[in-house]
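Coordinates in review
Here are the chains, one letter per residue:
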Amino acid sequence: MKPTDIHAPEYFHKVVDCQWACPAHTPVPEYIRLIAAGRYSDAYMVNWRSNVFPGILGRTCDRPCEPACRRGRVEEEDEKHGTKKEPVAICRLKRVAADYKDDITPHLPAPAAKKNGKRIALVGAGPASLTVARDLLPLGYTCVIYDSDPRAGGMIRSQIPKFRLPEEIIDEEVGYITRLQPEMRLGQRVDSLKALLAAGYDAVFVGSGAPRGRDLDIPGRKEAAANIHIGIDWLSNVSFGHINKIGKRVIVLGGGNTAMDCCRSSRRLGGEDVKVVVRSGFEEMKASPWEKEDAMHEGIPIINFHVPKAFLHKNGRLTGMTFEVVKAVYDEKGRRSLVPTGQPDVTMECDDVLVAVGQENAFPWIERDIGLEFDKWAMPVVDKVTMQSTHPKVFFGGDAAFGPKNIIWAVAHGHDAAISIDKFCRGEDVKERLPPMVNLVSQKMGIHEWSYDNAISVDHRYKVPLKEKEVALKNIKMEVELGFDPKLAYAEAQRCLNCDVQTVFTGNLCIECDACVDICPMDCITFTPDGEETELRKRLSAPAGNLTQDLYVANGLKTGRVMVKDEDVCLHCGLCAERCPTGAWDMQKFLLEMSHAGHACHSR
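**A word on the packing of aromatic side chains**
Going through the model one piece at a time under the given rule, you end up with 8 aromatic pairs. An angle of 80 degrees between the planes, with centres 6.4 Å apart, marks the rings of Y44 and Y176 as edge-to-face. Separated by 132 residues along the polypeptide, Y44 in helix 4 (residues 40–51) and Y176 in helix 10 (residues 167–178) bring together distant segments of the chain. According to the relative accessible area criterion, Y44 is buried, its value standing at 0%. By relative accessible area, which is 8% here, Y176 ends up buried. Between the aromatic rings of F363 and F374, the centroid separation amounts to 6.0 Å while the plane-to-plane angle is 55 degrees, which identifies the pairing as tilted. Taken as a pair, F363 in the loop between strand 15 (359–360) and strand 16 (394–396) and F374 in the loop between strand 15 and strand 16 lie far apart in primary sequence, 11 residues in all. Across the pair, F374 and F363 agree in class, each one buried. A network of ring pairs unites the aromatic residues F363, F374 and F396 as a single cluster.

As structure tokens, then:
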């Protein structure tokens, strides 16, 4: 095999998995170490620079980083005590930094002292547009944000229930951006992109979300319309105080996170018999596993493999629904079909139905004769790197770009779009972007001492404390999750394996004494003759079966052999470096710097 270039970004793409899995590339191990040290404000700022909304995301993120966490691969399952392999609670530790930080406003950028003469229109005041504004305002751009709602935040404010995300958290973190002095045109709907372009803006960013919920066109829909509600619209009405009650018997249709928010909100607004009914199987539901757990914890059953057939009504009032019972059948290519089981249809009585079967984009305000192309799904054609549309002045991000995702993706889109808008306004090629900057810094403080805590915790994942169910269900604005206190936060932070602190090997210093092999607790180091990767993986000290994880290979040994380390199971404990008599092993912290608008990334 070829020796591994440990300074290459591609290598760290496979090693610091959590940071790369996060769309905003937040340096996860770095802020977790700061939390363990009680440096909450510093941890918050590490987050703020990359993901913009630490307190919001610490409560609502879909956690794409956690499945990539190495802890979930090396931890042992304990069936006796009911514990399983689980990643570090990365998301909830993010909230810890937000909950316990000091006043961080002195560390935030100030409004630009001088404007650069460029005006940018942003459609929608949600996370994508707010991220673009946050990146561009300090550079001197004038950002004008339009939104039909009376308050900024977009779907963060209108669609996430307050028992998950308190209003004051939204106000605080949106406020960190509005203090940079964008022009806020709230309560002002944009009805024509052509008119907006004619207003003389140098660029337009569309971050209007996916504002339309899908309906269900089955018999009885029109007759029972008064008690059938589109999920995201209903949540918005609840959020802004227009709705404060619902019937005692509620059916929620759909298996995504919106459905989970609808059913849990219903429980708090008077729903006594609330159930979720889904076409698919439980494991195939799009809702996050923890969202399903939270709903069931509140006494809400999830009924799977039931396809809606009709709304039942009497004298113009909804009385129930009928469902066809189906099962999943897979063909030889693994494609799923839902086929009837032949069982009798199921009837469920209800007073209200919330339809949460998906969201879609609505762009009636974008004219089709302005040079902006749409695909066959009526979505704008958008470059996935630059976020630029086929109209050079128009950029998209968030749900408006590629359909419904989550907040962290909207933030990532906002960062990318801000770079493009900045380069476009400078007359530069928006497609030319610097690669990530990678640096390694030794953590050695002595022969056997490191600047990071390399003790490996054997604890399983700690649970976030919850408000008592009886109390939580009485108030739709009462936050359910209490969050980690400092003691629990420290314990959970200690579970992090410091994947960004790398074992760096220098072959010409090695005397091949095998001391590192002897002391490694995971048998992940092997000195062996070189060979093809497939064959080499089989004859390591512990066979490396995870083909998605790169091996670390180094040559330069006096015997001509190579050193191979399996990164899949390495704990980054540093024992190899402590034991090495010649300093051939070192523990070096990996630093990743992503380019943002205004960084030294322009081809001047």
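**Section: the sheet that holds strand 22 (residues 551–554)**
Pairing in this open sheet of 3 strands is antiparallel, and the strands run 21-23-22 from one edge to the other. If you trace the sheet from one side to the other, it starts and ends with strand 21 (525–528) and strand 22, each paired once. Here the average twist between neighbouring strands, direction ignored, is 20 degrees. Pairing of strand 22 with strand 23 (residues 562–566), which is carried by 4 bridges, proceeds in the antiparallel orientation. Its bridge partner being in strand 23, Y552 is matched across the sheet by K565.

**A short note on the pairing of strand 8 (residues 273–277)**
The buried fraction of strand 8 amounts to 4 of the 5 residues, a majority that puts the element mostly inside the structure. Where strand 7 (residues 249–253) lies against strand 8, 5 bridges are found, and the strand directions are parallel. By the bridge assignment for strand 8, L253 is matched with V277. For the crossover that starts at strand 7, traverses helix 13 (residues 257–268) and ends in the parallel strand 8, the hand is right-handed.

**As for empty space enclosed by the protein**
Applying the stated criterion to the full structure yields 6 cavities of 30 Å³ or more. In this structure, the largest cavity spans a volume of roughly 170 Å³. Along the walls of the largest cavity sit 18 residues, with R92, R164, R264, D294 and E481 positioned nearest its centre. Every element with two or more residues in the lining of the largest cavity is listed here: helix 5 (54–60), helix 7 (90–100) and helix 14 (289–297). For the lining of the largest cavity, a count of residues per class yields 5 nonpolar, 2 polar and 11 charged.

**Quick look at the side chain of D352**
Note on placement: D352 falls in strand 14 (residues 352–355). Buried and unpaired, D352 has R317 as its nearest opposite-charge partner, separated by 5.9 Å. Dropping the residues within four chain positions of it, D352 is found in contact with N227, H229, I246, G247, R249, V250, I251 and L318.

**What to know about the confidence of the model for the protein**
Here the protein shows a mean pLDDT of 92. Residues at 70 or above account for 96%. Segment residues 600–604: pLDDT under 50, and 14 contacts once partners within four positions in sequence are set aside and those in other chains are kept.

**Here we look at the nonpolar core**
In this structure, L193 and F396 are the most contacted members of the largest nonpolar core, which totals 66 residues. In terms of residue count, helix 16 (residues 407–425) provides more of this core than any other element does, 9 residues in total. C69, V88, A493 and M563 belong to the second-largest nonpolar core, a separate cluster that totals 57 residues.

**Overview of the layout of surface pockets**
Volume-wise, the second largest pocket comes out at about 800 Å³. E86, W290, E293, R461 and K463 are the residues nearest the centre of the second largest pocket, which is lined by 22 residues in total. Of all the elements, helix 14 adds the most residues to the lining of the second largest pocket, at 5 residues. Its residues placed into classes, the lining of the second largest pocket shows 7 nonpolar, 4 polar and 11 charged.

**Observations regarding the environment of R336**
Turning to its location among the elements, R336 is positioned in strand 12 (residues 336–340). In this structure the C-alpha to C-alpha distance between R336 and G254, which are 82 residues apart in sequence, comes to 18 Å. Those residues in contact with R336, other than ones at most four positions away along the chain, are S280, E284, A328, V329 and Y330. Side chain to side chain, R336 and E284 meet in a polar contact 3.2 Å long.

**Some thoughts on helix 13**
An ideal rise of 1.5 Å per residue puts 16 Å on 12 residues; helix 13 measures up with 17 Å between its terminal C-alpha atoms. G270 sits one or two positions beyond helix 13 and adopts a positive phi of about 115 degrees.

**Re helix 3 (residues 28–36)**
Across the 9 residues that make up helix 3, a large majority, 7, are buried. Close packing links the buried residues of helix 3 with helix 2 (17–21), helix 4, helix 7, helix 18 (486–493), strand 20 (501–505) and strand 24 (585–593). G38, located one to two residues past helix 3, shows a positive phi value of around 75 degrees.

**Some details on the sheet that holds strand 17 (residues 437–442)**
Ordered in space as 17-24-20, the 3 strands form an open sheet in which the pairing is antiparallel. The open sheet has two free edges, formed respectively by strand 17 and strand 20, since each of these has just one partner strand. Going across the sheet, the axis of each strand differs from the next one's by a mean of 40 degrees, ignoring polarity. With 5 bridges connecting them, strand 20 and strand 24 associate as antiparallel partners. Bridged to Q502 within strand 24 is Q588.

Cut-offs used in this document
Residues numbered from 1 in each chain as written. Predicted model: local features only at pLDDT ≥ 70, side-chain atom pairs only at ≥ 80, totals over all residues. Heavy atoms only, no water. Phe/Tyr/Trp six-rings, centres within 6.5 Å; stacked < 30°, edge-to-face > 60°. Helix = DSSP H or I, 4+ residues; strand = E, 2+ residues; numbered from the N terminus. Buried < 20%, exposed > 50% of the residue type's maximum accessible area, 1.4 Å probe, protein only. Pairing = 2+ DSSP bridges. Axes fitted to C-alpha atoms, helices over the stretch in contact; angles between N-to-C directions. Right-handed = clockwise from strand over helix to strand, strands pointing away. 1 Å grid on protein atoms, 1.4 Å probe; cavity = no way out; pocket = protein on both sides within 12 Å on 5 of 7 lines; lining within 4 Å. Points joined across faces, edges and corners; volume = space filled by probe spheres on them. Nonpolar A, V, L, I, M, F, W, Y, C, P; charged D, E, K, R; others polar. Lys, Arg positive; Asp, Glu negative; His and termini not counted. Salt bridge = Lys/Arg side-chain N within 4 Å of Asp/Glu carboxyl O. Contact = heavy atoms within 4.5 Å. pLDDT = per-residue confidence, 0-100. Core = buried A, V, L, I, M, F, W, Y, C linked by side-chain atoms within 4.5 Å. Polar contact = N/O pair within 3.5 Å; in protein donor to acceptor, adjacent residues only side chain to side chain. Expected span 1.5 Å × (residues − 1).

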